[in-house]
Each structure stands twice: as structure tokens, then as C-alpha cells.
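# Coordinate inspection notes
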Amino acid sequence: MDKRALAEFLRARRERIRPEDAGLPHGPRRRTPGLRREEVAQLAHISVDHYSRLEQGRGRNPSRQVLYGIARALRLSAQERTHLFELAGERERDRVDGPSREVAPGTLSLLDRLTDAAAIIVDDTCRVLAWNPLAAALFGDFAEKSGPDRNLLRRHFLEPGGLGAEHLEFVVTSVGYLRVAMARYPRNAEIRALVDELTAASPEFARLWESQELRIEHHARERFAHPRVGEVELDFDILTVPGQDQQLIVFTAEPGSRAYETLRLLRVVGTQRMDVPT
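The text that follows walks through the structure, step by step, so that each part is easy to find. (Residues numbered from 1 in each chain as written. Predicted model: local features only at pLDDT ≥ 70, side-chain atom pairs only at ≥ 80, totals over all residues. Heavy atoms only, no water.)

### Concerning the pattern of salt bridges
- Counted under the stated rule, the structure contains 14 salt bridges.
- Between Arg-101 and Glu-190 there is a salt bridge, and its shortest N-O distance comes to 2.6 Å. Linking Arg-101 in the loop between helix H5 (78-87) and helix H6 (105-113) with Glu-190 in helix H10 (residues 189-201), this pair joins segments that are 89 residues apart in sequence.
- Taking relative accessible area as the criterion, Arg-101 reaches 32% and is therefore assigned partly exposed.
- One connected set of salt bridges, linked through shared partners, spans Arg-101, Asp-123, Arg-127 and Glu-190. (Salt bridge = Lys/Arg side-chain N within 4 Å of Asp/Glu carboxyl O. Helix = DSSP H or I, 4+ residues; strand = E, 2+ residues; numbered from the N terminus. Buried < 20%, exposed > 50% of the residue type's maximum accessible area, 1.4 Å probe, protein only.)

### Observations regarding the sheet that holds strand E5 (residues 246-252)
- Across the sheet, which stays open at both edges, the five strands sit in the order E2-E1-E5-E4-E3 with antiparallel pairing between neighbours. Of all the strands in the sheet, the pair left with one neighbour each is strand E2 (128-131) and strand E3 (219-226). Looking at each pair of strands side by side, their axes are set apart by 30° on average, direction ignored.
- Here strand E4 (residues 230-240) runs beside E5; their pairing, made up of six bridges, is antiparallel. Bridged to Asp-235 within E5 is Thr-252.
- Along the sheet face, H6 touches strand E1 (118-123), E2 and E5 and points at about 155° away from the line of E1.
- Each of E3, E4 and E5 is contacted by helix H12 (residues 258-269), which is oriented at about 90° to E4, the strand it contacts most. (Pairing = 2+ DSSP bridges. Axes fitted to C-alpha atoms, helices over the stretch in contact; angles between N-to-C directions. Contact = heavy atoms within 4.5 Å.)

Structure representation (C-alpha cells):
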């Protein structure tokens, strides 16, 4: 149980809920944004002392019943509820100390068959584990970087130019996955070091991390400014790999569209796929 992270998450979520959204009167003397602690406790059907201790980082491990009550009171989304449970230590008991970097052969085979789409496989820290030729052409050849530097978050927040401001949805989603990974593996030194590095070097990342935002978009549209083929706007879909802390991210365009023809051109002028060292 990560008491500090749990406390910060609860406080941030409490402050975003308006009393009227929870069916409570606003009142003339309300000095705090969002709900009061006692109001959350009332809505969650737990004692004020129990909830206050959780938000102060002093509480004992809450039961699943308590967590469900808090999730209802704070009107958490399904993703946020899962994050709440993992912060409280309610995660699968057979997990290892970090996300797996072994990509299953069947997943690699699927990647190879996506010839009309740019596709990558990342773990929950946004480290690229595998890619197809079109993805290498779109993003640049990942094989030119070492494993830790093959991280899209590090690339966006630390490298000059990054992924560009037009990749906001993709970046916010990636930060959300990193937050989930840190909650799931609180003792993983590599994940914590990545968060510390990004926080220290990037005010943009620090702001996103401090906000406790957990917005994971599984479908959105992103615009790329490619040095060889110009601007192209692509849809992206994020598919979870079952049984792994991995995501298959696929960038596509509508057949017959200008973006689709640009992808076809990029496939001709792009780079070759290389084997991925683990």
C-alpha cells in the first residue's frame, strides 16, 4: 500500500467533485474546493476518522468494501477505481516486480501482419518493446536507441522537440499508464527513477503528474509532422495485450484518404524493421 500516493489521489479526486454533483447543498460557508472529508465519509458509509486517516496517509489498509464505497462517493471512473484499488494494495498477488518485457510470439506475429498500419508494443511505462516497419518510418528507428531510451515519455518530455504539442491525447494517456504502473509496482526502482527524472526535468510532466489525472483514451486522433512526407493525421487505437502489462498501439488512416496514401508513401521511403533486444 502506497499511503502517500493514495492520500494524494483521494484528495485530488475529492476536490474536483462539486457538492451539487453528489446531491449535497453547496452552503454559504464552504471554504474548500469540492467535497469536505466528512461528506465523502458519509457518502461512502464509513467513519470520518477512517477516511481522514486515509487522506492524511496514516490509515490502515482499507477493505475492498471501503474502497468500493469511496469509489462511489468520489464518482470514480472504471480506470480510476482500478487505480484506487492498486494504490491501496488490492492487486493481483502473482504479479512480478515490474512490467514484463517479453513479447509473446503470437503478438509479434500480429504486429508483422499489420502492413497498412504503424504499430508498436509498449509496456505500461511507455517503453517500446517491438514495432513494425511503418512505425519505424513514422517515429524513427527505435533500434538506434538502447532499451531505457526507447521510451516515448522520455522522448517527449526530455528530447528537443519531443513528440510535439499535437500529441497531447497520446501523451496524457501515456502518463496515465505510467501512473497505473507505479501504483501496481510501488517497489520498482526503475519506474520510480523514471518518474523522478521526468518530474525534475519537465515542468509539463510535473504538472500532469501533480494533477493526479487518470485519463486513458483508447481511441483518438493525432497529427504527425514527418520530415520526409509532411503532415499526416492518423487515428490511434490502444489494445491491451491479455495477461501482460503491455499495449498494442495501432496508427491507421481511412483507406482512400490522403492520410492513407501518405502512409503508403511512408512505407516505401521508410526504414526496415530490426530485431528487438530485451
